[in-house]
Structure formats: C-alpha cells, structure tokens
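Residue-level structure breakdown
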Amino acid sequence: MTSPRHTWRAALTACVLAVSVPVLLTAIAHWPQAQHLKVAVGLLWLATSAAIPALTRGGTRPGVVKYTVAATVWGTGTVLAGTFPALMVGPVQFAHLAHALSLSGLAVIAVQQLRNTRVAGDDQPLLVEAALFGTVMAATAWDGFARAGYTGDAWWNASTSLVIAAGALVGASTIVLAVEHPRLRLPSIGLAVGAFGTQVSAITSGHQPVSSAAAIVLAVAGGYVLLAFQPRGEIVRHGGAAAAQAVRRLRIAVVLPAALLLADVVLFIVSPRADGVMFVFFGAVVVAAGLRQAATARAIDRTRDTLTFQAMHDPLTGLQNRTALMSALTEPDRTQSLVILEIGGLDDVTDVLGVSAGEDVLRVAAANLRDVVTALGGTAYRVRHDEFAVLLPGSPDRTVRHLSHAFDAIGSAPAQVHGVGQFPVHAVAGVAQVAPGARGAGDATLPLVHADLALRDARNRPAGPAYSVYSGEVAAQHARRLLVRERLALAIADGGVDVHFQPIVDFATGRVVKFEALARWDDRELGRVSPAEFVAVAEESNLVVALGEHVLRRAVGSAHDAGVFAAGVKLAVNVSVVQLQSPGFAGVVREILSTYAIPAHLLTLELTESVFLDSDSPAERVVTDLAGLGCQIAIDDFGTGYSAFGYLDRLPVHVLKIDRSLTQSLTGEGNGRSVVRAVVDLANRLGLTVVVEGVETHEEAEICRSMQAELGQGWLYSAAITADRIADELGREYPVAPEAVR
C-alpha cells in the first residue's frame, strides 16, 4: 500500500508533468521560429521540477511544494519566452512578460525566506530592507542597460522595467538572506545568479540572441546551485545573540546599496540624460527609503514598549514588579493601603519537587491573587521571590477585612498544580497606609518600610492573626530591635555577654554529670535582655556567628577554670545553623579543644532539629566533621519537628533532648506520657543518651526515671548559675525518689 507521504509526492510530480506536456507540445509546434537553446534550457528545468519531489526526501511538505511550483513557473516562463521571441501582446513584447512570470516564482521563494528566517522581534521586517535594496539595484540596473543602448519605445521600456524590478527584488532578497543567515549564503548566490541570468536574457533577447542564450544557461546553473545547497526542511529561525549579530551585519551591508545609488547619482551629474523611467526608479527609491524609515520608527516604538513592559513586570508571574510599585507610590492621589504578603512553605515544594514546581505554584498564586485584588479595585505586584505586594483603595482598617480572600487565593495554589496538593502553602501580611499628597521618590519607600516592619511583626507572632498593621507599637518594637542590635554588637566586642550554666542530673544517682552553657546579657542601657530576644536579633543581623563563638569560648574557658572537665563532667553548648554554615567553624572548635587540652568527648554541641533541611547540606557535613573530632552531638528540642526521626539515620547523634513541652504533658490526661516513653525506648535501642528538659516536679522526675530516661534538666534541680557557683554543683547530690511512679 502506498503511504500518504509517497502519495502527495507522486501527485505533485503528476501536476508538474500535466503542465509540462502542453508546454512541450507548444514548443514543438513553433520550433522553427523559436530560440532553441532557451527552449531546451526551459524544458530541462521542467524535467528537473518533476524530479524535485523525489530528490528532496528530507524536506517538509510545504517546502517541497513551494520549490517545485517555483521551478515549474520558471521553466514554463523560459520555454514560452524562447518559443515566442517576437510575439507581441498588444504593444508589449510577450517574451518580457514570460520572463517576468518566470522571475515571480523566484521572488516568491525569496520573500518566503525573508519572512521565515528571523524570529519575530522588534527589528523592522527583512522585506523592508530588501525593498530598499531592490529599488536601488533596479535603478542602477536600468541606468546601466539604458546607457548600453538597451532601450525602445515606451511599452518596451515598461515591460523591461517590469523584468528589471522583478530581478532586482530577487537579487536584493538574496543579499539580505545571505547577510542574515550564513547557512543561506550558497543558496542565495544560486538564487541571485538565476534572477540575474533571467533578467539579462530577457533584455538582450531581441538585440543579442547569443548573449541571451548564454545568460539563460547561467540562470539555470544558478538554479541547480540553489537546489543543491538549499537546507532541507524549513529554515532554522534564530534569535538572541545570533539575531543580534545578523542585525549588525545587515547594518554594515546597507553600505552596498548606498554606494550603488551614490555612484549612479554622480554618474547622472557627470553625464546627465533625459530618462523618465530613471526618475520613476529614483522615486521608488525615495518611497522605499521612507517605508524603511517608518518601519525603523515603528521598530523603535515596539522596542521601547517591550522594554517598558519588561522593566515594569515580573517575567514569571506577569504581575507588575517592584519598580512599578515604587512608581505608584511616588505621587499617590488617594488614601490607599499597601499590603506585603510573604509566602511560607514554598521552599518545601522546591526542595522536594524542584524549582519548576515552585514556579508553577507562584504563577497560580499570582493569578489567583490578581483576580481577588482586581475585583477589589486594587493592583497586585511581585516584589521579591516569595513576596507579593498589593495596593488597595481605602484605609488599612478596610483592607484587613479582605485579607482572608488574599490568604485563600495563595493557600489554594498548590491544589491547582499537578502533584503539589500535599504541600501546604500559607501567607503572612504586613499592612501600611499610603497617604495622598505629592512626595518625592525617596518618600515613596516609606510605606514599603512600614509594611515590611508590619510583616516582620506578623511573622514573629506565636499566635493570633497572620497579619499586622503598622502602628506606633510596631515602630517602637523596630526601634527596640535596632537598639538591641547596636548594643549587642558592642557587648560581643567588649565581652559583655555572660555565660551561665544549668546542671544536668543523673536520674539514678542525683549527681551532676553535665552542664549546659546558656548566654545571658545585662546591658547598662537596656537592662536584662532575654536570650529569646537578643538571639533572634543576632540571627537577623548576622551577629549570631560572632555571638556563638564568643559564648563557646567563654563557656569552655569558664568551665575549665572551674574544674568541670577535670572532674570528668561534660559541657553542652548550643550551636546555630549559621555557625555550622560559616567557614572554619570546625577549625574553631578544634582550636578551643587544643587550647584547653580538653578531651573532645566532654564537649557536646546541641543542635535544634530544624537546623537541617537537605541531606548532604553544608551544615550536615560540618556536624559529621565535629563528630569525627570526638565531640558529642545532641539534638535539642527533640519531638517538636516533623523530620526529627529522619535525622537519627543521617546524623552521628549521641544525645536526644526531649523538649519541655513534652515533659509538661507527662502528668496530663493526653498521650504525652506514651510519646515520651516511645522516644526514650527508641533512644535506648539506638544506644543514645536521653536528656529530659523542663523537669520541674518530683513526679515528673520519677516518671522519667521509671521510663529509664538517664538525665534530667530543669528547675527541680537548679536554674542556670554563674560560673563561680559551678564548684558547689560538682559535689552536690540531688535527692532521688526511692520508688519510681509506674
């Protein structure tokens, strides 16, 4: 059975033969008065046209059809021009019309390539460039032929001009194609030779038959070059750097028609002659130049519009960007509310499913948010990777009533992306008022600053609504954070941050077997600052590395001086994830151990289980290096994070510290006791030491001992003490319950 592919190729060949047979019979009937060589060349090309479908097996169907039809038209026109060299159609010479017809097929190919060879962009179309080139070449060619004596009456001149114009269009197109796309240089040369040969053959046909025959042979040779080197399939369209290089080459190539036109004008000045056709061609050059100028102006407008859009819009979501937001805030004409929305949970999506999934969620969230905000008469913006901004009319009091819709728009995004529905995404918001009135560009940032401060306040709230409105209280908290940061930096530099030590007791013996070092800070201006406050400020302001190293050095030094290590008692120090990620942290620990000659197993580094996000992260590798030194690794606040148990398999853990929230549930009616028992049993099976935090009553201590938990820490034994009281704790034995509570 014949395939559809072979069927259309056979049908195309049959169509060419159907055209060729009548043309052949006509040529035979008028053979005596025909130009034999020209007719033979035309018939040869018709035979080639019939073979093109079979010769271009790798080509696409539109490309093969296009080249076959163009070749058939050229062959038919050449045969007819050679068959009736002296025939007149009214006042017009038939041969000129036939050659103009044959050139039309080449022109179609050239124009098609001009349209397809470049990716659509902001540059003017290549056809405009070819039109300017063509009119200049046509004017120059006409002047050359006229000065060589190839002129006649008005109708002869008109038909000759038609041939010259068609040939010039093809020739100019080939120049533009060769400059634009290097792969088309050889095919373009073949196309140009075919057009030039046809043009010369038509004009010299009545005056110099030999020259006309030679020119038509040259034309068919160009046609074979075109077929041999034409890329199979469609032309590869290019953009980016390749298109930019082509534009530069085309600008250089403009020198060619400009030089031709200048030379022809100079020739006219030196040797003027009355030639109406020439002035028509000069007029065409002016019109083409005007069209090119208009196309250039339009391209500049499109480029400006494109650049303006790109400068004001986010490419991922299509929302307006931070620049557009700043412009909107520069001179507000009414009271508005600025909302900054921070998306939470997006990192979980990208970590597990990849960046593209995270981008899909962002796009859907942006589209949902835009719909909600547009319905409220506002505008949505994307200002950072995980932050959107919204401008809504009205005061913040009115705006907060609609925030739930914005939260729902963002929270529903994962469910709308295939495979992401199991990942929850939420948002927190900071709201600030934008007051009307003219203001400078510098003041435009004030609402952004206020909204960011409100967002930070909302982010730090342990409970309550997921938004905050900028107010005097929020401003005061910000001022407090700035002052804490400034004073903390000075305290770290001056050694003003102290270290206290909380005993960790063996449930079985009541003896102190370890101390946990806890940072304490009393400032002369701020008074006593809680660790929760100044550690959070340190993490926000990149002071946490310096603070952590200061606490580690001071804790080890004070414990060494108090005889902790000499008594075989261990020391635990908290370590921040930022410290683990800072270069050289393992070296700092190694240097401290060496300075005080401390056995590494007496130093425990406590890490919260939220430290690690990815396996084989830099922080995880540092932990492995520290364990290799001999240090013990503890996971603090165990049981409060969703990935706690996964770390037991990945990390060299020695100690689990059960969070105080679980300890407080031991005496309640819930499942707290079962959870703690399960953790203790798991640790014992893995050979890990368990430290129960927040032990405040004898009942809690007795329950932990009955579960075979080894160590306890809490106010039942002692609060954190200063370094000068460590010696008293080393010799103390806390009472142990005689009977454990079951």
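All of the points below concern the structure found in this document. (Residues numbered from 1 in each chain as written. Predicted model: local features only at pLDDT ≥ 70, side-chain atom pairs only at ≥ 80, totals over all residues. Heavy atoms only, no water.)

**Observations regarding the overall build of the chain**
Each helix and strand counted, the chain has 28 helices and 17 strands in total. The burial tally for the chain puts 48% of its 742 residues in the buried class. Sequence-distant contacts, at least 24 apart, represent 73% of the contacts inside the chain between residues at least 6 apart. Carbon together with sulfur atoms contributes 60% to the accessible area of the chain, which is approximately 33900 Å² in total. (Helix = DSSP H or I, 4+ residues; strand = E, 2+ residues; numbered from the N terminus. Buried < 20%, exposed > 50% of the residue type's maximum accessible area, 1.4 Å probe, protein only. Contact = heavy atoms within 4.5 Å. Areas by Shrake-Rupley, 256 points an atom, 1.4 Å probe, with all protein chains shown as cover.)

**Overview of the nonpolar core**
Within the largest apolar cluster, 81 residues are counted, with the highest numbers of intra-cluster contacts made by Phe501, Phe515, Trp521, Leu571, Leu580, Leu626 and Leu656. Considering each element in turn, this core owes the most residues, 7 residues, to helix α20 (residues 544-561). Each residue touching Leu626, except ones within four places of it in the same chain, is listed here: Leu580, Phe585, Ala586, Val589, Leu605, Cys631 and Ile633. (Core = buried A, V, L, I, M, F, W, Y, C linked by side-chain atoms within 4.5 Å.)

**Some words on the pairing of strand β7 (residues 426-434)**
By the criterion of burial, β7 is predominantly enclosed, with 7 of the 9 residues buried. For strand β4 (residues 336-344) and β7, the ladder comprises 9 bridges, and the chain directions are antiparallel. Looking at the pairing, Leu338 lines up with Ala432 of β7. Relative to strand β8 (residues 467-469), β7 runs parallel, the two sharing 3 bridges. (Pairing = 2+ DSSP bridges.)

**Section: the pairing of strand β9 (residues 497-506)**
In terms of residue burial, β9 counts as a mostly covered element, since 9 of its 10 residues are buried. Strand direction decides the pairing type here: β9 and strand β17 (residues 711-713), joined by 2 bridges, are antiparallel. Each residue of the ladder has a partner; that of Asp506, found in β17, is Leu711.

**Digging into the packing of helix α18 (residues 472-494) against helix α19 (residues 531-540)**
For the pair α18 and α19, interaxial distance at closest approach is 10 Å and the crossing angle is 85°. Between α18 and α19, the angle falls in the class roughly perpendicular. Residues Arg480, Arg481, Val484, Arg485 and Leu488 of α18 touch α19, and the partners they reach there are Glu533, Phe534, Val537, Ala538 and Glu540. The class makeup of the residues in the contact of α18 with α19 is 5 nonpolar, no polar and 5 charged. (Axes fitted to C-alpha atoms, helices over the stretch in contact; angles between N-to-C directions. Parallel < 35°, antiparallel > 145°, perpendicular 65-115°, else oblique. Nonpolar A, V, L, I, M, F, W, Y, C, P; charged D, E, K, R; others polar.)

**Observations concerning the pattern of salt bridges**
By the definition in use, this model includes 22 salt bridges. For Asp301, the salt bridge identified is with Arg304, shortest N-O distance 3.1 Å. Of this pair, Asp301 and Arg304 both sit in helix α11 (residues 276-312), 3 residues apart, roughly one helical turn. Accessibility expressed as a relative area gives 34% for Asp301, which makes it partly exposed. Given the relative accessible area of 45%, Arg304 is considered partly exposed. Here Glu549 ties to Arg553 by a salt bridge, and the two come within 3.1 Å at their closest N and O atoms. One end of the pair is Glu549 and the other is Arg553, both in helix α20 and 4 residues apart, which spans about a single turn. Here the salt bridges do not stand alone but share partners, grouping Asp143, Arg147, Arg273 and Asp275 into one network. (Salt bridge = Lys/Arg side-chain N within 4 Å of Asp/Glu carboxyl O.)

**Quick word on the sheet that holds strand β3 (residues 320-321)**
In a beta sheet, neighbouring strands pair by backbone hydrogen bonds and run either parallel or antiparallel. Read across the sheet, 6 strands follow the order β3-β5-β6-β4-β7-β8 without closing on themselves; strand pairing throughout is mixed. Lying at the two open borders of the sheet, with one neighbouring strand each, are β3 and β8. Here 7 bridges tie β4 to strand β6 (residues 387-393), and the two strands are oriented antiparallel to one another. Its bridge partner lying in β6, Ile340 is registered against Ala389. Packing of helix α12 (residues 322-330) onto the sheet brings it into contact with β3, β4, β5 (379-384), β6 and β7, and relative to β5 it is tilted by some 125°.

**Digging into the packing of aromatic side chains**
Following the criterion strictly, the structure yields 7 aromatic pairs and no others. Relative to Phe94, the ring of Phe84 has its centre 5.8 Å away and its plane inclined at 85°; by these criteria the two rings are edge-to-face. Separated by 10 residues along the polypeptide, Phe84 in the loop between α3 (61-83) and β1 (88-89) and Phe94 in helix α4 (residues 94-116) bring together distant segments of the chain. Take Phe84 and Phe94: they sit in the same class, and that class is buried. Three or more aromatic residues joined by ring pairs form one cluster here, namely Trp45, Trp74 and Tyr224. (Phe/Tyr/Trp six-rings, centres within 6.5 Å; stacked < 30°, edge-to-face > 60°.)

**Comments concerning the environment of Leu12**
With respect to the helices, strands and loops of the structure, Leu12 is situated in helix α1 (residues 4-29). Taking C-alpha positions, Leu12 is 9.3 Å from Val64, a pair spaced 52 residues apart along the chain. Discounting residues that sit within four places of it in the chain, Leu12 has contacts with Pro53, Val64, Val65 and Thr68.

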